[in-house]
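Here are the chains, one letter per residue:
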Amino acid sequence: MKKGVKLSCDILVRYLILIVIGILNVQIFYFLFTLLTIYPVYFLLNIFFDVTISSNLLIVKNFPIEIVGACVAGSAYYLLLILNLSTPRINLVKRIFSLIFSFTLLLLINILRIFFLSLLLVSGSAFFDITHQLIWILGSIIFVISVWFLTVKIFRINSIPFYSDIKFLLHHSKEHKKPQRHKKY
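Quick notes on the rules
- Residues numbered from 1 in each chain as written.
- Predicted model: local features only at pLDDT ≥ 70, side-chain atom pairs only at ≥ 80, totals over all residues.
- Heavy atoms only, no water.
- Pairing = 2+ DSSP bridges.
- Helix = DSSP H or I, 4+ residues; strand = E, 2+ residues; numbered from the N terminus.
- Axes fitted to C-alpha atoms, helices over the stretch in contact; angles between N-to-C directions.
- Contact = heavy atoms within 4.5 Å.
- Polar contact = N/O pair within 3.5 Å; in protein donor to acceptor, adjacent residues only side chain to side chain.
- pLDDT = per-residue confidence, 0-100.
- Core = buried A, V, L, I, M, F, W, Y, C linked by side-chain atoms within 4.5 Å.
- Buried < 20%, exposed > 50% of the residue type's maximum accessible area, 1.4 Å probe, protein only.
- Left-handed = near helix turned anticlockwise from the far one by under 90°.
- Expected span 1.5 Å × (residues − 1).
- Bend = angle between axes of the 7 residues up to and from the residue.

Enquirer: Quick one: what's the story with the sheet that holds strand 1 (residues 51–54), residue by residue and with numbers?
Expert: Strand pairing in a sheet relies on backbone hydrogen bonds, with the paired strands running either antiparallel or parallel. Here three strands make up an open sheet; going across it, the order is 1-2-3 and the pairing antiparallel. The open sheet has two edge strands, strand 1 and strand 3 (63–66), and neither has a second partner. Each neighbouring strand pair of the sheet contributes to a mean axis angle of 20°, computed without reference to strand direction. Lying on the sheet, helix 2 (residues 27–48) is in contact with strand 1 and strand 2 (57–60); it crosses strand 1 at an angle near 165°. Across the face of the sheet, helix 5 (residues 92–122) comes into contact with strand 2 and strand 3 while running at roughly 155° to strand 3.

Enquirer: Residue-level account of the side chain of Thr87, with values.
Expert: Summarising the element assignment, Thr87 is placed in the loop between helix 4 (74–85) and helix 5. Setting aside residues up to four positions removed in sequence, Thr87 forms contacts with Arg14, Arg95, Trp148, Ile157, Ser159 and Pro161.

Enquirer: Quick rundown of the side chain of Ser86? Include the residues and the values.
Expert: Along the chain, the position of Ser86 falls in the loop between helix 4 and helix 5. A distance of 3.4 Å separates the side chain of Ser86 from the backbone oxygen of Leu83, its partner in a polar contact. Every residue in contact with Ser86, bar those within four places of it in the chain, is listed here: Arg14, Tyr15, Leu18, Ile160, Pro161, Phe162 and Asp165.

Enquirer: Account for the confidence of the model for the protein chain, with residues named and values stated.
Expert: Mean pLDDT for the protein chain: 90, with 94% of residues reaching 70 or above. Averaged pLDDT values over the elements of the protein chain bottom out at 78 in helix 7 (residues 163–177) and peak at 97 in helix 5.

Enquirer: Please provide a residue-by-residue account of the nonpolar core, values included.
Expert: With 39 residues, the main nonpolar core has Phe29, Leu58, Ile67, Leu81 and Phe103 as its most contacted residues. Not counting residues within four places of it along the chain, the set of residues in contact with Phe103 comprises Phe29, Phe33, Tyr77, Leu80 and Leu81.

Enquirer: Report on the packing of helix 4 against helix 6 (residues 128–154), specifying residues and quantitative values.
Expert: Axis angle and axis distance: for two packed helices, these are the angle between their axes and the distance between the axes, and together they describe the pair. Viewed as axis vectors pointing N to C, helix 4 and helix 6 meet at an angle of 30°, and their least axial separation amounts to 11 Å. Here helix 4 runs over helix 6; the crossing is right-handed. Side by side, helix 4 and helix 6 meet where Ala76, Leu79, Leu80, Leu83 and Asn84 of the first sit next to Val144, Val147 and Trp148 of the second.

Enquirer: Which residues make up helix 6, and what values go with them?
Expert: Taking 1.5 Å of rise per residue, the 27 residues of helix 6 would be expected to cover 39 Å, yet its terminal C-alpha atoms sit only 34 Å apart, more than 12% below that figure. Approximately 45° is the largest bend angle found in helix 6, and it occurs at Gly139. Within helix 6 the residues assigned to the buried category are Phe128, Gly139, Val144, Val147, Trp148 and Thr151. Against helix 4 and helix 5 lie the buried residues of helix 6. Positioned one or two residues after helix 6, Arg156 has a phi angle of 50°, which is positive.

Below, the structure is given as structure tokens:
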């Protein structure tokens, strides 16, 4: 198979996966990461306080802490998947390990974020509301970008999401449009 055709097929497969996940619903990330987020937060808080857990509700010192979908950050995991799959020239093993790394790092950051915000809430800190809003609005963006940049650095990813694919497709389509000279017999 020609290199250009193989790379075109690679692009097609990667973007089809993204479309299928988008159509089937991004809720799969919330399903996968809700329990992976709630229980570690519960265990961390339980080191310092008596914590009751019921579904997605943690009760600490009579403070109800509800871990909602936005807390789980399912869309952030989907964004990391989009960045990973829209980046060409990553072999399958490296792609899988970089996804595992980025998902795990985001999960750890998210667990610690919820834990520290919970500590602020239970301690009655006047800074809880502003800290929660700032981390939610700015922090989440910074966390995802930082995780992606660190993944790129650690896994030595040299391509740019979307741009490298578009550049390849444009270059490849121009090659096919060039008039071919026929040999005269």
